[in-house]
Amino acid sequence: MSGSLYVSFNIDCEVSQPAVQDLPLGERAVRAFGDLLDENGHRATFHVLPSDVEAHANVYRELKDRGHEIGLHVHPATEGYEEFLGVYGAEQQATIVGDAGDRFSFALGFAPESICIGYASTNDFTYGVLYDLGYRHGTCSIPSRVLPECASVHAGAPLDLHYANRHNRLLLGDLDFVEIPITVDPDSRMWSGKHPQDLRVELVDAKNHWYTIHKSVKRQVEDGVPVKFLRAITHNTFDYSDRNDFRRQTLVGMMKHIQAIAEDLQLQIVPATGAQIAAAYRQAVPLDNTTSKLQLDRRGYG
Ligand SMILES: [Zn+2]
């Protein structure tokens, strides 16, 4: 084996949203997703809306006891605000995310450490706000996505694990907040070219995911990335308890592909929560070594 491949499954839990309102489906999906990951030796981060936590606190406590991570998912509309966090300034973002975190902590009895912003709708204030609220890792970017209608623009964002930058969401920084981007293939475009094909289970079938997985891992090996990782994502709005469900079948197929591709590239799979990935990154890349000073490329000036 020539190295490790950290593999992390992320599920956004949001069935209490006004548009969904199906709590029984959410509980079935979350339980079955956790079981499926356990059976295959994998680890998940469940990013959960405060209203989902309040409905199913016992389920999430149980999943945490089984070694999964329970973090906060934020959709401002469920807190009475506009749909997209990225339209707000720093002060309002701090209020929205802070209040959501308080509701989460009150319901579960512990504070969330990981955070995932709905639609990856962020702006250049967001990482500073999250850091000041005490978050030290999370999934807030979908590299190469250009979706201004959701205030979700990540063109040029790093594909790999990195410390966030307080002032610019696209740059490497010196904040002790480890961003774990969703794994994407920036060259395969969807939604009229606005969105990259990513490891969103429900987006395509397992065959299509093979190409995204293989391309990402191969690139990380070739680039000598210090901590190689895959972060897949899905939602608890799909019935993972149904063996005939297309998304469940896709997820199983993805796990098999990840195993085969890791073996082929001589990588040892390390099943990991977001917290475990962030810890591995901190160990491999000291914080003070990552801030890069930008310099104008003058090669073409003659
Ligand atoms: Zn969401």
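Use the structure listed above.
Owing to the predicted nature of the structure, the values given are computational and were not obtained by experimental measurement.

1. With respect to the overall build of the protein chain
Secondary structure summary: the protein chain contains eight helices and 13 strands in total. A compact globule built from 302 residues should have a C-alpha radius of gyration of about 19 Å, and the protein chain, at 18 Å, falls within 12% of that. Structurally, the protein chain occupies a C-alpha span of about 65 × 50 × 40 Å along its principal axes. Relative to its full complement of 302 residues, the protein chain shows a buried share of 55%. In the protein chain, of all internal contacts separated by at least 6 residues, the share reaching a separation of at least 24 is 71%. Here the protein chain displays about 13,000 Å² of accessible surface, and carbon together with sulfur accounts for 49% of that area. Between the mean site of the 28 positive side-chain charges and the mean site of the 40 negative ones, the protein chain shows a separation of 5 Å.

2. A few points about the nonpolar core
Phe-46 and Ile-115 are the most contacted members of the largest nonpolar core, which has 55 residues in total. Excluding residues within four positions of it along the chain, Ile-115 makes contact with His-47, Leu-72, Val-74, Val-97, Leu-130, Tyr-135, His-137, Gly-138, Thr-139, Cys-140 and Phe-177. Core analysis: the next-biggest nonpolar cluster, separate from the first, contains 13 residues, Phe-229, Ala-278, Ala-280 and Val-285 among them.

3. Side note on unusual backbone geometry
Phi at Gln-21 takes a positive value of approximately 50°, unusual for a residue other than glycine. Given a relative accessible area of 58%, Gln-21 falls into the exposed group. At Trp-191, a residue that is not glycine, the phi angle is positive and equals roughly 50°. Tracing the sequence through the fold places Trp-191 in the loop between β10 (184-190) and β11 (195-198). Of the residues examined, Trp-191 reaches a relative accessible area of 42% and is grouped as partly exposed.

4. Focus: the pattern of salt bridges
Pairs can form between side chains of opposite charge once their charged atoms are near each other. Counted by the stated rule, this structure contains 21 salt bridges. Measuring nitrogen to oxygen at the nearest pair gives 2.7 Å for the salt bridge that ties Arg-66 to Asp-38. Here Asp-38 lies in helix α1 (residues 23-39) and Arg-66 lies in the loop between α3 (57-65) and β3 (69-74), a separation of 28 residues in the sequence. Connected through shared salt-bridge partners, Glu-27, Arg-31, Asp-35, Asp-38, Arg-43, Glu-62 and Arg-66 make up one network.

5. Remarks on the side chain of Asp-245
Its location among the elements puts Asp-245 in the loop between β12 (228-235) and α7 (246-264). A distance of 2.8 Å separates the side chain of Asp-245 from the backbone nitrogen of Arg-247, its partner in a polar contact.

6. What to know about the packing of aromatic side chains
Across all of its chains, the model carries nine aromatic pairs by this definition. Relative to Tyr-88, the ring of Tyr-81 lies with its centre 6.1 Å away and its plane at 85°, an arrangement referred to as edge-to-face. For Tyr-81, a relative accessible area of 30% puts it in the partly exposed group. For Lys-64, the ring lying beneath its charged end belongs to Phe-110, and the centroid distance is 4.5 Å.

7. Notes on the environment of Ala-275
Take Ala-275: it is sitting in helix α8 (residues 274-284). For Ala-275, a relative accessible area of 27% gives the class partly exposed. Between the C-alpha atom of Ala-275 and that of Tyr-163, which follows or precedes it by 112 residues, the distance is 14 Å. In contact with Ala-275, other than residues within four places in its own chain, are Glu-69 and His-137.

8. Concerning the pairing of strand β4 (residues 114-117)
Along β4, one buried face is formed by Ser-114 and Cys-116 and the opposite face, lined by Ile-115 and Ile-117, is buried too. Relative to β4, β3 runs parallel, the two sharing three bridges. In the sheet register, Leu-72 faces β4, and the bridge partner there is Ile-115. Once the chain exits β3 it traverses helix α4 (residues 90-108) before rejoining the sheet at β4, and the crossover so formed is right-handed. Two elements, β4 and strand β5 (residues 137-139), share three bridges in a ladder whose sense is parallel. What sits directly across from Ser-114, in β5, is His-137. Crossover β4 to β5 through helix α5 (residues 126-132) is right-handed.

Analysis parameters
Residues numbered from 1 in each chain as written. Predicted model: local features only at pLDDT ≥ 70, side-chain atom pairs only at ≥ 80, totals over all residues. Heavy atoms only, no water. Helix = DSSP H or I, 4+ residues; strand = E, 2+ residues; numbered from the N terminus. Rg over C-alpha atoms; globule rule 2.2 N^0.38 Å. Buried < 20%, exposed > 50% of the residue type's maximum accessible area, 1.4 Å probe, protein only. Contact = heavy atoms within 4.5 Å. Areas by Shrake-Rupley, 256 points an atom, 1.4 Å probe, with all protein chains shown as cover. Lys, Arg positive; Asp, Glu negative; His and termini not counted. Charge placed at Lys NZ, Arg CZ, Asp CG, Glu CD. Core = buried A, V, L, I, M, F, W, Y, C linked by side-chain atoms within 4.5 Å. Salt bridge = Lys/Arg side-chain N within 4 Å of Asp/Glu carboxyl O. Polar contact = N/O pair within 3.5 Å; in protein donor to acceptor, adjacent residues only side chain to side chain. Phe/Tyr/Trp six-rings, centres within 6.5 Å; stacked < 30°, edge-to-face > 60°. Lys NZ or Arg CZ within 6 Å of the ring centre and 35° of its normal. Pairing = 2+ DSSP bridges. Right-handed = clockwise from strand over helix to strand, strands pointing away.

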